[in-house]
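Breakdown of the fold
Here is what each chain is made of, one letter per residue.
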Amino acid sequence: MSGIGITLRLLHDGERDLEQDLLAAAARHRTDHEFHHVALDVARWSREHATRLADAGRDHGLALSGPRDHPSPGGLAALRAKASEALGRRPENGLLLLHDLRDLHLAAARNSLHWEMLAQAAQATRDERLLTLTGGCHPQTLRQLRWTNTMVKILAPQLLTSV
Amino acid sequence: MDTSADRIADVWGSRTPYEPGTPWPSRTDTHLAAGLGEQDVERWVQAASLLHSNGDAMDIAVREGRMVGVRGRAADRVNRGRLGPKDLYGWQANASPDRLTRPLVREDGRLVECDWDTAMDRITSRTRRLLDDKGPGSIGFHTSGQLFLEEYYTLAVLARAGLGTNHLDGNTRLCTATAAEALKETFGCDGQPGSYEDIDHADTVALFGHNMAETQTVLWMRLLDRMEGADPPRLVCVDPRHTPVARRADVHLAPRAGTNVALLNALLHEIIRTGRVDRAYLDAHTVGFDELAAIVAECTPGWAAGICDVPTAQIERAAEILGGAERLLSTVLQGVYQSHQATAAAVQVNNLHLIRGMLGRPGCGLLQMNGQPSAENTRECGADGDLPGFRNWQNEEHVAELAAVWNVTPQTIAHYAPPTHAMQIFRYAEQGSIGMLWITGTNPAVSLPELSRVRSILAQEHLFVIVQDLFLTETAQLADVVLPAATWGEKTGTLTNADRTVHLAEKAVDPPGEARPDLDILLDFAARMDFRDKDGGPLITWHDPESAFAAWQRCSAGRPCDYSGLSYDRLRGGSGIQWPCTDEAPDGTARLYTDGIDFAHPDVCESYGRDLVTGASVEPVEYWALNPDGKAVLKAAEYLPPHEDTSSDHPLQLITGRTVYHFHTRTKTARAPELNAAAPDVWAEMSPAEASAQGLADGDLVQITTPRGAVRARLRTTAIRDGMVFLPFHYGYWDTPAGHHPPDDRPGRAANETTVTDWDPASKQPLFKTGAARVTLVSRRPTDTAARTDTTGSGS
């Protein structure tokens, strides 16, 4: 597999994972309302990225699966939502949120670097389609990064000094 | 003179038509207590309205030490003598027999009367204990849009420099945060660009989610008078309800709730496509056009029609009118601010004006409206999650400047993160990191979303709640200490309306019992806490309204909201004056941005902006790169689907709103007999077709249920989008047997039992007009009651 192919695969898997991680964190922190809603919004970006990367993979001879199917919101999800609301009052939940934000930030940073590599390779090979892809998606990954960073900046002073 | 006996039925009074470019004729509205004439009035005392954001100037009639009526001030630029129903009748609430007259403290679970020393000692001892044990981050303040400038400024100084907490925000978060944020995103700084006088000149007026007829009755009178005169303006209205504004509009767009960005992007698309862009203005005064054009390139009217459920031809027609306007005035209010993608949508209205070059000239106005009478003061004084004087928390120079004004070290002022917004303050209280919450002049137990949650937060054992108010509100009933406050007419101070007009409101009568002005209470707290500056002198050096105003003038000097040219004397006797008012502009400033964009320079701007989807702060270095010359920023936004959509369980969109007869949670307006009688209880609105599809009819008692809770209300079938239900949000429980909550295990009457806790990530304004509900029958309309299908008395 070419270097571009390997990177496409890594990024595709990274965006798939980030979507899942964002959805899971959103479910864990239903009572941190802004985080919950924005996490769902920016998970949509990663989902679109995975779809577009799977399409691009075909140009490069890869069979990438695209985003995961959404689990149906069954009994388990309802249970998780209840647990999240019950636990949401506890101060320790604030620390858990900070740790989730850190992990999401690191995952987005990994994706961002892969986008950077692809964009550079696309320029070197004058691959217009790949350039369009990175140009369309990478800014959204950077927005995910700035968001997690801003949330940490806002929440850390209160949550780390109050438990 | 207009003294029509019944301004409940005749909300806007008689017409005084006028032509474009001529002054709005005056009409003096008066209402005196029954049996009294003007000859019976001993004194007229100058004031301005405290029951909406329009800033209507009035005089209070006094006889034998009591208020006996009001009269509009014909000389004033804002209302030229007119008053709306809330002002004509609302003053009577001051004399209500159930005013709080003594402080209350909680003893063995019950609130009991005490003296001021006892109440203030409890507050200061709890404050000291929290400061010692947990630090200033354990103390939060939630204030209002209904106090005076002098009070907000004092509160901001004692919270930010005295205690050093970052947790101070107003209920203005619920009404005007998006206006402020949208202005910051586009112009780098808060500050209303337009002026009410733009109505006198406009050839086109567009109202976005703004039922002006009910929220700013006097401004609507001005527009009605233009429409009755020669060369009337064309009117574009965006509102899902067929409001009085919609009925007068040339084009009325009634989109699905939560789709404003799609609609506005399509309007921008059409204006760009048809070449109605002012290139010279764009080049001289803006950055970001290419990105905006790219984002809206695919947002055709046909695309938006599918999302908004509005006919394509209507969107095209609206774009044609907006694109053809030569003097366009736009206003924006809660239909945008409290809806999904609030800031993103409000910013697109700014973009509309920028790409058309419609700014800074007579008639080319932009009014990002306020909801409350002194919301602007909460914003500029730094009592609403910003630093005073529109200073930028990310700009070290601004913080140093503020520290110099207060003679404290910059480190005293918490500025490592944006000042905490109200919804986050409640979240910290919920989690336990805030141990004391001081609430001044507002009623979150009725006004915040998801009331069962709010009640449970306020009732927590570990949270010490102080409420400062006129009455034992729903929130006060949950407090640990209740402080009786004086209000409008009983204290002196200034307030600034939605078009930057500063008015003086003077004391006319004494407050009841031991009630004290909010300023006196805050100064008393500061004195007891003995707050000091860095040289050991007193931090707060003022002692009354006028000296507090002078302190604020020093803080505002050189900033966009510059008050240095004003004084109480200048505000007495004549008209209100628009800031900035300085030595160079001694008569105030009608319009901002008459000569380019003044406040967006990186060294000057209040904010570097936020990501409109995620709320992430833009870093200084990014802003410098994007906008080194300080031009207006054309910020594009992609449409996102609403966070809570309809489903088979909850098939209807739920929006909440207001009526012309009430303000906020009815604390005052329900105590004015005429206003209370006009709208005594909650109701729900649905279209006749939707009601019939749900098996319901006008007058039925229905239950509105969402995943958060339920409300019971009489159904009114009105002209509103199908698929939607509307509830007024004013109604709570203080006048019910249960006091501050719904009767046990039964649905309530406060609309916010049902609303979702979700806020705009950029402005942090809660979204009351997003959510899904089902409506079910409780009981049929009693057969002897006539059906009510009128729509007056309900606003959005």
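Residues numbered from 1 in each chain as written. Chains lettered and ligands numbered in written order. Predicted model: local features only at pLDDT ≥ 70, side-chain atom pairs only at ≥ 80, totals over all residues. Heavy atoms only, no water.

Turning our eyes to something else, we now look at the domain arrangement of chain B. How big an interface is tends to be reported as the loss of accessible area on association of its parts. Residues and elements named next belong to chain B. Domain assignment breaks chain B into domain 1 (1-95), domain 2 (104-171 + 374-578), domain 3 (176-369 + 601-633) and domain 4 (652-779). Averaged C-alpha coordinates put domain 2 and domain 3 at centres separated by 32 Å. At the interface, 19 residues of domain 2 touch 27 residues of domain 3. For the pair domain 2 and domain 3, the summed buried surface comes to about 1,700 Å²; carbon and sulfur atoms form 41% of the total. Counting across the interface, domain 2 meets domain 3 through 2 salt bridges. Of the charged contacts, one joins D386 and K184 as a salt bridge, the two residues approaching to 2.9 Å between their closest N and O atoms. (Domains from an automatic or database assignment. Contact = heavy atoms within 4.5 Å. Buried area = accessible area lost by both parts, 1.4 Å probe. Salt bridge = Lys/Arg side-chain N within 4 Å of Asp/Glu carboxyl O.)

Time to look at the sheet that holds strand β2 (residues 43-48) of chain B. All names here are of chain B. Across the sheet, 4 strands lie side by side as β1-β4-β3-β2; this open sheet has antiparallel pairing. Strands at the two margins of the open sheet, each flanked by one partner only, are β1 (30-32) and β2. Within the sheet, the average angular offset between the axes of one strand and its neighbour, ignoring direction, is 25°. Here β2 pairs with strand β3 (residues 57-63) via 6 bridges, running antiparallel. Directly across from W44, in β3, lies its bridge partner A61. (Pairing = 2+ DSSP bridges. Helix = DSSP H or I, 4+ residues; strand = E, 2+ residues; numbered from the N terminus. Axes fitted to C-alpha atoms, helices over the stretch in contact; angles between N-to-C directions.)

Let us now look at the environment of V604 of chain B. Residues and elements named next belong to chain B. Turning to its location among the elements, V604 is positioned in the loop between β20 (577-578) and α24 (620-626). Judged by its relative accessible area of 26%, V604 falls in the partly exposed class. Those residues within four positions of V604 in sequence are excluded, and the remaining contacts are H398, R559 and F599. (Buried < 20%, exposed > 50% of the residue type's maximum accessible area, 1.4 Å probe, protein only.)

As a further point, take the sheet that holds strand β7 (residues 139-143) of chain B. All names here are of chain B. Taken in spatial order, the 7 strands make up an open sheet running β6-β5-β17-β16-β15-β7-β8, and their pairing is mixed. In this open sheet, the two strands that pair with only one neighbour each are β6 (110-113) and β8 (168-170). Neighbour-to-neighbour, the strand axes of the sheet open up by a mean angle of 20°, direction not taken into account. The pairing of strand β16 (residues 464-469) with strand β17 (residues 481-484) spans 4 bridges and is parallel.

The end-to-end C-alpha separation of helix α4 (residues 92-124) of chain A is 49 Å, in line with the 48 Å expected for 33 residues at 1.5 Å each. Of the residues flanking the end of α4 of chain A, it is R126 of chain A, one or two places downstream, whose phi is positive at about 50°. (Expected span 1.5 Å × (residues − 1).)

Turning to a nonpolar patch on the surface, a few remarks are in order. Residues and elements named next belong to chain A. There is a patch of nonpolar side chains on the surface, built from M1, I6 and L10 and spanning about 290 Å² of accessible area. Among the structural elements, I6 can be located in helix α1 (residues 3-28). Taking relative accessible area as the criterion, I6 reaches 41% and is therefore assigned partly exposed. (Patch = residues over 30% accessible without salt bridge, like charges linked within 9 Å, V, L, I, M, F, W, Y side chains within 5 Å. Areas by Shrake-Rupley, 256 points an atom, 1.4 Å probe, with all protein chains shown as cover.)

All names here are of chain B. Neither face of strand β18 (residues 493-496) is open: one carries G493 and L495, the other T494 and T496, and all of them are buried. Here β18 pairs with strand β19 (residues 501-505) via 4 bridges, running antiparallel. Bridging from a neighbouring strand, T494 pairs with L504 of β19. Connecting β18 to the antiparallel partner β19 that follows it, the hairpin turn spans 4 residues, and R500 within it adopts a positive phi of roughly 70°.

All names here are of chain B. Ranked by size, the top nonpolar core spans 212 residues in total, and within it I123, F208, W220, W438, L483 and I704 carry the most contacts. At 10 residues, helix α3 (residues 149-163) tops the list of elements feeding residues into this core. F208 has contacts with V238, L264, L267, S330, T331, V332, L333, V336, V349 and L352, leaving out every residue within four places of it along the chain. (Core = buried A, V, L, I, M, F, W, Y, C linked by side-chain atoms within 4.5 Å.)

Our focus in this paragraph is the UniProt feature "domain: 4Fe-4S Mo/W bis-MGD-type" (unreviewed entry) in chain B. Sequence positions flagged by UniProt for "domain: 4Fe-4S Mo/W bis-MGD-type" (unreviewed entry) are, in local numbering, residues 42-98 of chain B. Spanning residues 42-98 of chain B, this segment combines 11% helix with 35% strand, and its end C-alpha atoms are found 26 Å apart. (UniProt positions renumbered as here; feature names shortened; annotations may be inferred.)

Our next topic: the pattern of salt bridges. Residue and element names in this part refer to chain B. This structure, assessed with the given rule, holds 62 salt bridges over all chains. The shortest N-O distance in the salt bridge between R15 and D225 comes to 2.5 Å. Here the residue R15 occupies a position in the segment before β1, and D225 occupies one in helix α7 (residues 217-228), the gap between them amounting to 210 residues. Here the salt bridges do not stand alone but share partners, grouping D117, D121, R516, D524 and R528 into one network.

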